[in-house]
There are 2 protein chains.
Amino acid sequence: MMVATDIATRVWNHTFKLDPIVRSLLDTDFYKLLMLQMVRGLHPETQVTFKLINRTTSVRLAEVIDEAELRAQLDYARSLRLTKREMIWLAGNSFYGTKQIFLPEFLDWFEDFRLPEYRLDVVDGQFELTFSGPWTHTMMWEIPALAIVNELRSRAALRHAKRFELDVIYARAKAKMWEKVEQLQKLPNLRISDFGTRRRHSFLWQRWCVEALKEGLGDRFIGTSNVLLAMEADLEAIGTNAHELPMVLAALAEGDEALKASPYAVLEEWQRYYGGNLLVVLPDTFGTTSFLKSAPRWIADWTGFRPDSAPPIEGGEEIIAWWERMGIDPKEKLLVFSDGLDSDTIEEAYRHFEGRVRMSFGWGTNLTNDFRGVAPEPIPGLDPISLVCKVANADGRPAVKLSDNAAKATGEADEVERYRRVFGAPSYAERAVRV
Amino acid sequence: MMVATDIATRVWNHTFKLDPIVRSLLDTDFYKLLMLQMVRGLHPETQVTFKLINRTTSVRLAEVIDEAELRAQLDYARSLRLTKREMIWLAGNSFYGTKQIFLPEFLDWFEDFRLPEYRLDVVDGQFELTFSGPWTHTMMWEIPALAIVNELRSRAALRHAKRFELDVIYARAKAKMWEKVEQLQKLPNLRISDFGTRRRHSFLWQRWCVEALKEGLGDRFIGTSNVLLAMEADLEAIGTNAHELPMVLAALAEGDEALKASPYAVLEEWQRYYGGNLLVVLPDTFGTTSFLKSAPRWIADWTGFRPDSAPPIEGGEEIIAWWERMGIDPKEKLLVFSDGLDSDTIEEAYRHFEGRVRMSFGWGTNLTNDFRGVAPEPIPGLDPISLVCKVANADGRPAVKLSDNAAKATGEADEVERYRRVFGAPSYAERAVRV
């Protein structure tokens, strides 16, 4: 029996010059678009530098990933423009139940958007990748840059895998993923979404994982942060706001008093643009305990909180206690968990808080990049690394993040010191940042 | 981004009239060819009826499998002829280290071989499928008939599975299979082969399993009983002889004395045709204990035994004890285990006999048809059933198999009674026949 090989497909495959990782400007997190609209409205002149930081220093990325390949991928991403159907979808779709969340004037401007220049150097085995320019442009590099570096690393890890080995790897990764889905099927009121774009193994793998959650969890899978996948798979786009907002506003604040007020100023700005379920507080940029201690009463009227670096149980309890002090019934409120989740931690938090508060889970790295133990021979390059792309400075002033986990703090040492003086020491023990 | 669909492939898929299960006369067990050559030489006129028996009576096959589909597959198999390259391979290859194991005169005859007619009825929800005619022809139906019925059953079980469900099912089946490979990798001197043609989930799945063993076990995977796969994957074809030989010779024997001698007469016939590593005794047709009690000394000079229905440990010990009584060092001898194996029982037998005897394992149903627990929603139709195709009679005389497991006995009740009187009662407790 002859094996029928589709020659056109085969030739297409073996003449690949570039297999682009990011093929659409919508292959990014939804909250970037929400933040972009606000930043463009309120901070159109602010200059912000984003910088790639590999916290897993043992992995010398520049020795794993070819610099020319990285440049080719970044350059390809810079060539992208919004397509007609993408613009139609952004304009015509409802997000979080709201029509025309993106104003026509913003969309007119966004239609011509392209990613700005980047600067890439290799220093001591690591890439120094920075994006400098107007905040309205540099902020849009974070997600594609991370997705590109992570996927180039996966590709490098699999470069020498044999055909059969790849078959086993993806079969086992699927089996592993499906075990997690089956574990989560036991949680009847679960609300979970994909937050895994930035750390994904690959775009195709993320798409498979999203399909698995859709098939396996039905309505309990509430959507994806990835705008492109939301569009393609007819899912809700999920996400609200990120640390870059308080980090930039804090960096721009004049003096300690203004610095201390900046986390609340961010929220005031946010609610000028958005309402309803988009009113989710991200309290941990400079420590949740400090945030709550000085938080004005009106913040308790927001829909919920996203504890993003505290241990889920303790972090959730701290916020519930604050709501109760504010005279608010937590049952009406929402906790969005999004830090270091996996099916076990999701189940644990779910069972802990069940019936006491509304919950949703934004599942990231362990959703879209859990290849640990699936290769027939261990391939360490498949283990996810802790790679982030953070605000380094705003209008030339250094930016800082403290977080609830001291291991996640970023910024220059003396500035971190100053912020700790203003906001107080971390309330939680330092935890290893696994991914 | 547009999804590129290969239209030719798609149209080919959706216009499938018949997806043949057996596409080659070599898609059968190697021992059938060895036996066929001998039967043709020594018993060319013997008429033998083979009959399909579904021991898993709870599965009403005729309600699961469409009769017309079954006929279409059987008819397709009847249309097959040996191809030129198959004949070249049979003539030019060495089997068990022997060149020209198939004599030119046999191959000339075999070149024109086609499967004979079948008779198919439906009785009480089961198929009555019988093959009557010259032994030289009916014997060749056993393996394709079993493979066809088993694969039609798998297809029926998966008929309503959604695309994503199929993806999960095969991913998990592969993951499950690879776990077994990893378990077996720990056994350094393992010798194992695929014996799973008759009970396979499907041809393509068997091929994947064979590839998995080849990739995962290297030289420890010594080959496959499937002649077609051996040819395609450049593997050794494995197998020697089967119960049909003693069953037919016993049925033809005149009187109890000749009946009692028939299991040894078979071996005398065999060694007129084959030598060396093909001298493997299958002792359990009428009970191993009885066989050994009356076995002539020369049988101890054969390469080994294949205990096929006794519990592996006890069955192996019984044979080792016999070798020792015959003054033979078991270390020089071979035990081929082939009954109800899975990675656990293989490991158990391996560790039990390690260093005391040479061993090899012929892995069947749990290699090529273990889909238990892999479907997102349980699909009972994927569980293997105990389906066999046995000699019912020879030259009009009823055939019997006693085996070392009374649950595997076949034949008419009064004949079974007579055989038990001649050969003695089973030495082993009855065990459930799982697959």
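Residue positions are given per chain, counting from 1 as you read along its sequence in written order. Chain letters and ligand numbers both follow the written order, the letters beginning at A and the numbers at 1. In view of the model being predicted, local features appear only for residues whose pLDDT reaches at least 70, and side-chain atom pairs are presented and counted only at 80 or more, with totals across whole chains, interfaces and linings using the full set of residues. Think of the side-chain values as coming from all heavy atoms in the structure, minus any hydrogens and water.

- In the annotation of an unreviewed UniProt entry, chain A is listed under the name Nicotinate phosphoribosyltransferase and assigned to Fulvimarina manganoxydans.
- UniProt positions are given in the numbering used here, feature names are shortened, and annotations may be inferred rather than shown by experiment. In its Function (unreviewed entry) section, the UniProt entry covering chain A states "Catalyzes the synthesis of beta-nicotinate D-ribonucleotide from nicotinate and 5-phospho-D-ribose 1-phosphate at the expense of ATP."
- Reading the Catalytic activity (unreviewed entry) entry of the UniProt record for chain A gives the comment "5-phospho-alpha-D-ribose 1-diphosphate + nicotinate + ATP + H2O = nicotinate beta-D-ribonucleotide + ADP + phosphate + diphosphate".

**Re the overall build of chain A**
- To qualify as a helix, a DSSP run of H or I must reach at least 4 residues; to qualify as a strand, a run of E must reach at least 2; elements of each kind are numbered from the N terminus. If you tally the helices and strands in chain A, you get 18 helices and 13 strands.
- Here the C-alpha atoms of chain A give a radius of gyration of 21 Å, agreeing with the 22 Å that 2.2 N^0.38 yields for 435 residues.
- Taken along its principal axes, the extent of the C-alpha atoms in chain A is 75 × 50 × 45 Å.
- A burial count over chain A gives 59% of its 435 residues as buried.
- The contacts in chain A between residues at least 6 apart in sequence include a share of 80% that link residues at least 24 apart.
- Methods summary: accessible areas were calculated by the Shrake-Rupley approach with a probe of 1.4 Å, and residue burial reflects only the protein chains presented. When the accessible area of chain A is evaluated, it comes to approximately 17,900 Å², of which 50% is carbon and sulfur surface.
- The averaged location of the 63 negative side-chain charges in chain A is 2 Å from the averaged location of its 54 positive side-chain charges. Only C-alpha atoms enter the radius of gyration; for comparison, a globular chain is expected to reach 2.2 Å times N to the power 0.38, where N is the number of residues. Only protein chains enter the accessibility calculation, which uses a 1.4 Å probe; a residue is then buried when its area is under 20% of its type maximum, exposed when over 50%, and partly exposed in between. The contact definition used throughout considers only heavy atoms, calling two residues in contact when any of these lie within 4.5 Å. Only four residue types enter the tally: Lys and Arg on the positive side, Asp and Glu on the negative side, with His and both chain ends excluded. For the purpose of locating charges, the reference atoms are NZ of Lys, CZ of Arg, CG of Asp and CD of Glu.

**Digging into the pattern of salt bridges**
- What makes a salt bridge here is a side-chain nitrogen of Lys or Arg within 4 Å of a carboxyl oxygen of Asp or Glu, nothing more. All told, the structure shown has 66 salt bridges over all chains when counted by the stated rule.
- Ionic pairing is found between A:Arg60 and A:Asp124, a salt bridge with its closest N-O pair at 3.6 Å. Of this pair, A:Arg60 sits in the loop between β1 (47–54) and α3 (61–64) while A:Asp124 sits in the loop between β4 (119–123) and β5 (126–134); the two residues are 64 residues apart in sequence, bridging distant segments of the chain.
- A:Arg60 sits in the partly exposed class, given a relative accessible area of 32%.
- When its relative accessible area of 59% is taken as the criterion, A:Asp124 is described as exposed.
- The shortest N-O distance in the salt bridge between B:Glu215 and A:Lys162 comes to 3.1 Å. Within this pair, whereas B:Glu215 is found in helix α10 (residues 203–217), its partner A:Lys162 is found in the loop between α8 (142–158) and α9 (163–184), the two belonging to separate chains.
- Assessed through its relative accessible area of 35%, B:Glu215 is described here as partly exposed.
- Each of A:Asp29, A:Lys32, A:Glu142, A:Arg198 and A:Glu244 takes part in one network of salt bridges that share partners.

**Describing the pairing of β1(A)**
Residue and element names in this part refer to chain A.
- Only strands joined by at least two bridges in the DSSP assignment are considered to pair. Where β1 lies against β5, 5 bridges are found, and the strand directions are antiparallel. From the neighbouring strand, Lys51 faces β5, where its bridge partner is Thr130.
- In this sheet, strand β12 (residues 387–394) lies alongside β1 in antiparallel orientation, the contact comprising 7 bridges. Residue pairing across strands places Thr49 opposite Asn393, the latter belonging to β12.

**Some words on the UniProt feature "modified residue: Phosphohistidine" (unreviewed entry) in chain A**
Residues and elements named next belong to chain A.
- Under the local residue numbering, the UniProt record ascribes the feature "modified residue: Phosphohistidine" (unreviewed entry) to His243.
- Mapped onto the secondary structure, His243 falls in the loop between α11 (227–233) and α12 (244–252).
- Ignoring sequence-local partners within four residues, the contact set of His243 consists of Leu282, Asp284, Thr285, Asp308, Lys390 and Lys401.

**Notes on the relation of the copies chain A and chain B**
- Overlay of chain A on chain B (RMSD 0.0 Å): rotation 179°, translation along the axis 0.1 Å. Each copy turns onto its partner about a two-fold axis. No C-alpha of chain A lies nearer the rotation axis than that of A:Ala171, which sits 2.1 Å from it.
- Counting the interface residues of chain A, we find that 100% of their copies in chain B are interface residues as well, pointing to one common contact surface. Least squares is the method used to superpose the copies, on C-alpha atoms of residues holding a pLDDT of at least 70 in both.

**Topic: the interface of chain A and chain B**
- In this assembly, 23 residues from chain A lie in contact with 23 residues from chain B.
- Summed over both sides, the interface of chain A with chain B buries roughly 2,100 Å², with 60% coming from carbon and sulfur.
- On the surface where chain A and chain B come into contact, there are 8 salt bridges.
- One salt bridge in this structure joins A:Asp167 and B:Lys174, with 2.8 Å as the shortest N-O distance.
- Identification of polar contacts relies on pairs of N or O atoms within 3.5 Å, with a donor-acceptor requirement for protein atoms, meaning one able to donate a hydrogen and the other able to accept it, and with residues adjacent in sequence counted only if both atoms are side-chain atoms. For the pair chain A and chain B, the interface holds 10 residue pairs in polar contact (both at pLDDT 80 or more).
- Looking at the side of chain A that touches chain B, the elements that each hand over two or more residues are α9, α10 (203–217) and α11 of chain A.
- Examining the composition of the side of chain A that touches chain B, we find that 10 residues originate from one element, α9(A), more than from any other.
- Of the residues contributing to the side of chain A that touches chain B, the split by class is 11 nonpolar, no polar and 12 charged. Defined here as a combined quantity, buried area equals the accessible surface (1.4 Å probe) lost by two parts on assembly, summed across both. Classes in brief: Ala, Val, Leu, Ile, Met, Phe, Trp, Tyr, Cys and Pro nonpolar; Asp, Glu, Lys and Arg charged; the others, Gly included, polar.

**What about the UniProt feature "domain: Nicotinate phosphoribosyltransferase N-terminal" (unreviewed entry) in chain A?**
- Listed under "domain: Nicotinate phosphoribosyltransferase N-terminal" (unreviewed entry) in the UniProt record, and renumbered for this structure, are residues 26–150 of chain A.
- This span, residues 26–150 of chain A, is 46% helix and 21% strand, and a straight line between its end C-alpha atoms measures 18 Å.

**Focus: the sheet that holds β4(A)**
Residues and elements named next belong to chain A.
- Taken together, the 5 strands give an open sheet; going across it, the order is β4-β5-β1-β12-β13, and neighbouring strands pair in antiparallel fashion. Each end of this open sheet is capped by a strand with a single partner; those strands are β4 and β13 (397–398).
- Every axis in this analysis is a line fitted to C-alpha atoms, fitted for helices over the stretch in contact. Angles between the N-to-C directions lie between 0 and 180 degrees. Across the sheet, helix α4 (residues 67–78) touches β4 and β5, and the angle it forms with β4 is around 160°.
- Against the sheet, α12 touches β1, β12 and β13, its axis set at about 25° to β12.

**Considerations on the packing of aromatic side chains**
- Ring pairs are drawn from Phe, Tyr and Trp, using the six-membered ring of Trp, whenever the two centres fall within 6.5 Å, and their geometry is named by plane angle: stacked under 30 degrees, edge-to-face over 60, tilted for the rest. Per the counting criterion, the structure on display carries 63 aromatic pairs over all chains.
- The structure contains a cluster of three or more aromatic residues connected by ring pairs, namely A:Phe30, A:Trp89, A:Phe95, A:Tyr96, A:Phe102, A:Phe106, A:Trp109, A:Phe110 and A:Phe113.

**Here we look at the packing of helix α12 (residues 244–252) of chain B against helix α13 (residues 255–273) of chain B**
Residues and elements named next belong to chain B.
- Interhelical geometry of α12 versus α13 gives an angle of 130° and a closest axis separation of 8 Å. Relative to α13, the element α12 lies oblique. Considering only the axes of α12 and α13, their crossing is right-handed. Across the interface between the two elements, Leu245, Pro246, Leu249 and Ala250 from α12 touch Leu259, Ser262, Ala265, Val266, Glu269 and Trp270 from α13.
- Class assignment of the residues belonging to the contact of α12 with α13 gives a composition of 8 nonpolar, 1 polar and 1 charged. Throughout, the term roughly parallel applies to angles under 35 degrees, roughly antiparallel to angles over 145, roughly perpendicular to angles from 65 to 115, and oblique to all others. Crossing chirality is assigned from the near helix's rotation relative to the far helix, an anticlockwise turn below a right angle marking it left-handed and a clockwise turn marking it right-handed.

**Here we look at helix α2 (residues 30–42) of chain B**
- With 13 residues, α2(B) extends 19 Å from end C-alpha to end C-alpha; this agrees with the ideal 18 Å at 1.5 Å per step.
- Taking burial as the measure, the 13 residues of α2(B) include 11 buried ones, the bulk of the element. Every helix has an expected span of 1.5 Å times one less than the residues it contains.

**Overview of the sheet that holds strand β8 (residues 280–281) of chain A**
Residues and elements named next belong to chain A.
- Pairing is parallel in the open sheet, where 6 strands are placed in the order β7-β6-β11-β10-β9-β8. The sheet terminates laterally at β7 (221–224) and β8, the two strands that pair on one side only.
- Relative to strand β11 (residues 358–363), strand β6 (residues 192–194) is paired through 3 bridges, and the arrangement is parallel. Bridge pairing in β11 links Ser193 to Gly362.

**Focus on the packing of α9(A) against α10(A)**
Residues and elements named next belong to chain A.
- Taken N-terminus to C-terminus, the directions of α9 and α10 make an angle of 35°; their axes are 10 Å apart at the nearest point. Relative to α10, α9 is oriented so that their crossing is right-handed. The segment α9 lies against α10, with Tyr170, Ala173, Lys174, Met177, Trp178, Val181 and Leu184 engaging Trp205, Trp208, Cys209, Ala212, Leu213, Gly216 and Leu217.
- Residue classes in the contact of α9 with α10 are distributed as 12 nonpolar, 1 polar and 1 charged.

**As for unusual backbone geometry**
Residues and elements named next belong to chain B.
- Here the phi dihedral of Asp124 falls at roughly 55°; this positive angle occurs in a residue that is not glycine.
- Unusually for a residue other than glycine, Asp395 sits at a positive phi of about 45°.
- Its place among the elements puts Asp395 in the loop between β12 (387–394) and β13 (397–398).

**With respect to the environment of A:Gly316**
All names here are of chain A.
- If you trace the backbone, Gly316 turns up in helix α15 (residues 312–325).
- Overall, Gly316 belongs to the buried group, its relative accessible area being 0%.
- Sequence-distant contacts of Gly316, that is, excluding residues within four places in its chain, are made with Pro311, Leu335 and Phe353.

**Digging into the environment of B:Gly355**
Residues and elements named next belong to chain B.
- Tracing the sequence through the fold places Gly355 in the loop between α16 (343–353) and β11 (358–363).
- The class for Gly355 is exposed, based on a relative accessible area of 52%.
- Expressed as a C-alpha distance, the spacing of Gly355 and Trp302, which sit 53 residues apart in the sequence, is 20 Å.

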